[in-house]
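Next come the chains, spelled out residue by residue.
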Amino acid sequence: MDVDPLTLVESLTDRHGAPRTIALDGFADPTMDESCGAALLALLEGGGVTIRAWAYGDQWIGAGTARDAEGDVRPVLATAPRRTQAPQAGEPVGMSGQDGDWVERLISITGWTPPPRRPDVDWAQTEARLGTRLPTDYKRMVETFGEGAFDAYLTLNQEPWTHLREDGLLIWAGTEHEDLYCWRTDDGDPDGWPVAVQTFDGRVVPFDCPAAEFVCRILLDPHHRFTMAHYFNTHWFMPYRESQ
């Protein structure tokens, strides 16, 4: 493979987001297991020198350098199967509707293993600026996942957008199809705000559930109006940055 490893990693980062380093200078990440790319190193038979990995659907993509049978370090690009413990698309999502449970379920669905990306967000400052408290499950999603997108499609806003506020909506996420995922803020308790989707053509579609539950359902339910289950059976969160 005649390509500069750094250029290859940068190209994949532009396309698939921030990678996880699973081997550096010939040493494997000691915290690594099957949930975060160990299958790539097994494929390289322990020859990985510096390997970075990306989750994409049911595959791990790995790029960097590896030592060949002659002991020479060469650029390498590899893929390996990726699995999570989440149900397959179409299986029931049934569980308690408590916010914390839905966030934990979302972690399981995406196979999310890194430490929380933004554990120290100053929500008091953000909420003072917005003039309202924010739903607990949303804050937990931001603290846990940080800046990025579920299935490289649904982008999680790090702070709600307010340009639909006159319509009683705060926007917490959006998609490349220009759908805006909002809360209907009529209820005085933010943890009771239901999701409403403003579609690309301006229609508002209500849903009687909180944000984290909504994301879980569109990832897993192929019959949901805004389903993402048609595209992938295994789901992931694509971080946009190495660190927050």
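As the structure is a computational prediction, the values presented were derived from the model and not from experiment.

1. So, unusual backbone geometry
It is generally the case that most residues other than glycine have a negative phi and that most peptide bonds are trans.
No. 1: Positive phi is not limited to glycine here, since Asp151 has a value of about 55 degrees.
No. 2: Relative to the elements of secondary structure, Asp151 occurs in the loop between β6 (148–150) and β7 (154–161).
No. 3: Of the residues examined, Asp151 reaches a relative accessible area of 6% and is grouped as buried.
No. 4: Of note, the phi angle at Glu178 is positive, near 70 degrees, even though the residue is not glycine.
No. 5: Inspection of the secondary structure assignment puts Glu178 in the loop between β8 (169–175) and β9 (180–184).

2. With respect to the packing of aromatic side chains
No. 1: A complete count under the given rule lists 18 aromatic pairs for this structure.
No. 2: Seen in terms of ring centroids, Trp172 and Trp183 are 6.2 Å apart; in terms of plane orientation they differ by 35 degrees. Their pairing is tilted. Of this pair, Trp172 sits in strand β8 while Trp183 is found in strand β9, placing the two residues eleven residues apart along the sequence.
No. 3: The class of Trp172 is buried, set by a relative accessible area of 0%.
No. 4: What makes Trp183 buried here is its relative accessible area of 0%.
No. 5: Through pairs of rings, three or more aromatic residues link up here, namely Trp123, Tyr138, Trp172, Tyr181, Trp183, Trp193, Phe207, Phe214 and Phe226.
No. 6: Between Arg82 and the ring centre of Trp60, over which it is positioned, the NZ or CZ distance is 5.6 Å.

3. As for the nonpolar core
No. 1: If you look at the biggest cluster of nonpolar residues, it comprises 40 residues, and the most contacted ones within it are Met141, Leu154, Trp172, Tyr181 and Phe214.
No. 2: Elements with a contribution of two residues or more to this core: α3 (99–110), α4 (123–130), α5 (136–145), β7, β8, β9, β10 (195–198) and α6 (211–220).
No. 3: Setting aside residues no more than four positions away along its own chain, Leu154 makes contact with Gly148, Ala149, Ala173, Gly174, Thr175, Tyr181, Val215, Ile218 and Met228.
No. 4: The next biggest cluster of nonpolar side chains, apart from the first, holds 19 residues, and it includes Leu44, Ala66, Val76 and Ala80.

4. Observations regarding the pattern of salt bridges
No. 1: As enumerated under the stated definition, the model contains nine salt bridges in all.
No. 2: Of the charged contacts in the structure, one is a salt bridge between Arg129 and Glu159, with a shortest N-O distance of 2.7 Å. Of this pair, Arg129 sits in helix α4 while Glu159 sits in strand β7, and the two are 30 residues apart along the sequence.
No. 3: Residue classification places Glu159 among the partly exposed positions, given a relative accessible area of 27%.
No. 4: Salt-bridge contacts for Arg203 lead to Asp201; the nearest nitrogen and oxygen are separated by 3.1 Å.
No. 5: Exposure remark for Asp201: the relative accessible area of 42% places this residue in the partly exposed category.
No. 6: In the salt-bridge network here, residues are joined through shared partners; they are Asp68, Asp72 and Arg74.

5. A closer look at the confidence of the model for the chain
No. 1: Here the chain shows a mean pLDDT of 89. Residues at 70 or above account for 91%.
No. 2: Note on residues 88–92: pLDDT is under 50 here. Beyond four places in sequence and across chains, it has eight contacts.
No. 3: Contacts of residues 94–99 to residues separated by more than four positions or lying in other chains number eleven contacts, the stretch itself having pLDDT below 50.

6. A short note on the sheet that holds β6
No. 1: With respect to topology, seven strands assemble into an open sheet ordered β11-β10-β9-β8-β7-β6-β12, the strand pairing being antiparallel. In this open sheet, the two strands that pair with only one neighbour each are β11 (204–206) and β12 (237–239). Strand-to-strand, the axes of this sheet are offset by a mean angle of 30 degrees, without reference to chain direction.
No. 2: Relative to β8, β7 runs antiparallel, the two being bridged by four bridges. The residue bridging Leu156 from the neighbouring strand is Ala173, located in β8.

Conventions used here
Residues numbered from 1 in each chain as written. Predicted model: local features only at pLDDT ≥ 70, side-chain atom pairs only at ≥ 80, totals over all residues. Heavy atoms only, no water. Helix = DSSP H or I, 4+ residues; strand = E, 2+ residues; numbered from the N terminus. Buried < 20%, exposed > 50% of the residue type's maximum accessible area, 1.4 Å probe, protein only. Phe/Tyr/Trp six-rings, centres within 6.5 Å; stacked < 30°, edge-to-face > 60°. Lys NZ or Arg CZ within 6 Å of the ring centre and 35° of its normal. Core = buried A, V, L, I, M, F, W, Y, C linked by side-chain atoms within 4.5 Å. Contact = heavy atoms within 4.5 Å. Salt bridge = Lys/Arg side-chain N within 4 Å of Asp/Glu carboxyl O. pLDDT = per-residue confidence, 0-100. Pairing = 2+ DSSP bridges. Axes fitted to C-alpha atoms, helices over the stretch in contact; angles between N-to-C directions.

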